[in-house]
Amino acid sequence: MVQSLFVLGVLGVLLVPAQFEPISVCVEDDDDLRVDCRILPKPSQINTYEFSWSIGGKETLINTNVSGSAADPRFKDHSYVEELEPHGYRMTLTGFTHTLPHNVTFMCKISRSI
């Protein structure tokens with residue numbers, strides 16, 4: 001299993017993996033928050049993802065497809081994830097844009113298994 005961790009702050013980007021795998025965060029015209037995680041394609045591999053944020057050193061899971069893992073209930077009806085073409089995932093978060101603290105870090109963890 002290969003695991004990558006992407007970290008993005010409100011004002012800057014920090015990419016932790018050795019490979020170039022960008023992440024971006026933006027606010028859309030309808031005030032939804034969008035987090036894009038692009039990954040390099042790997043044939044015959046299944047991806048799992050976890051989107052989270054960290055505020056004051058406390059990480060909170062927003063959305064995941066990892067078996068046995070659960071997102072914070074307040075995000076249940078406010079977030080969804082879709083696959084990006086050609087390779088990656090996009091999480092959209094609604095209803096939180098105007099209440100975000102100034103120092104929030106968004107993370108995207110993607111694991112691959114054969």
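Anyway, here's the lowdown on the structure attached to this text. (Residues numbered from 1 in each chain as written. Predicted model: local features only at pLDDT ≥ 70, side-chain atom pairs only at ≥ 80, totals over all residues. Heavy atoms only, no water.)

### Overview of the pattern of salt bridges
Overall, the coordinates contain five salt bridges when judged by the stated rule. We note a salt bridge from D36 to R90, for which the minimum N-O separation is 2.6 Å. Here D36 is found in strand β4 (residues 33-38), whereas its partner R90 is found in strand β8 (residues 88-93), with 54 residues between them in sequence. Among the residues examined, D36 registers a relative accessible area of 5% and is labelled buried. The network of salt bridges with common partners includes E28, R34, D36 and R90. (Salt bridge = Lys/Arg side-chain N within 4 Å of Asp/Glu carboxyl O. Helix = DSSP H or I, 4+ residues; strand = E, 2+ residues; numbered from the N terminus. Buried < 20%, exposed > 50% of the residue type's maximum accessible area, 1.4 Å probe, protein only.)

### Concerning the nonpolar core
In this structure, F51, W53, Y89, M91, L93 and I110 are the most contacted members of the largest nonpolar core, which totals 19 residues. Put simply, the parts of the chain that give this core at least two residues each are β4, β5 (46-55), β8 and β9 (104-113). With sequence-adjacent residues up to four places away left out, Y89 is seen in contact with V35, D36, C37, I39, N47, Y49, F51, V81, E82, E83, L84 and I110. (Core = buried A, V, L, I, M, F, W, Y, C linked by side-chain atoms within 4.5 Å. Contact = heavy atoms within 4.5 Å.)

### What about the state of the cysteines?
Applying the stated criterion to the full structure yields one disulfide. Between C37 and C108 runs a disulfide, and the two sulfur atoms are separated by 2.3 Å. Of the two residues, C37 sits in strand β4 while C108 sits in strand β9, which places them 71 residues apart along the sequence. (Disulfide = S-S within 2.5 Å.)

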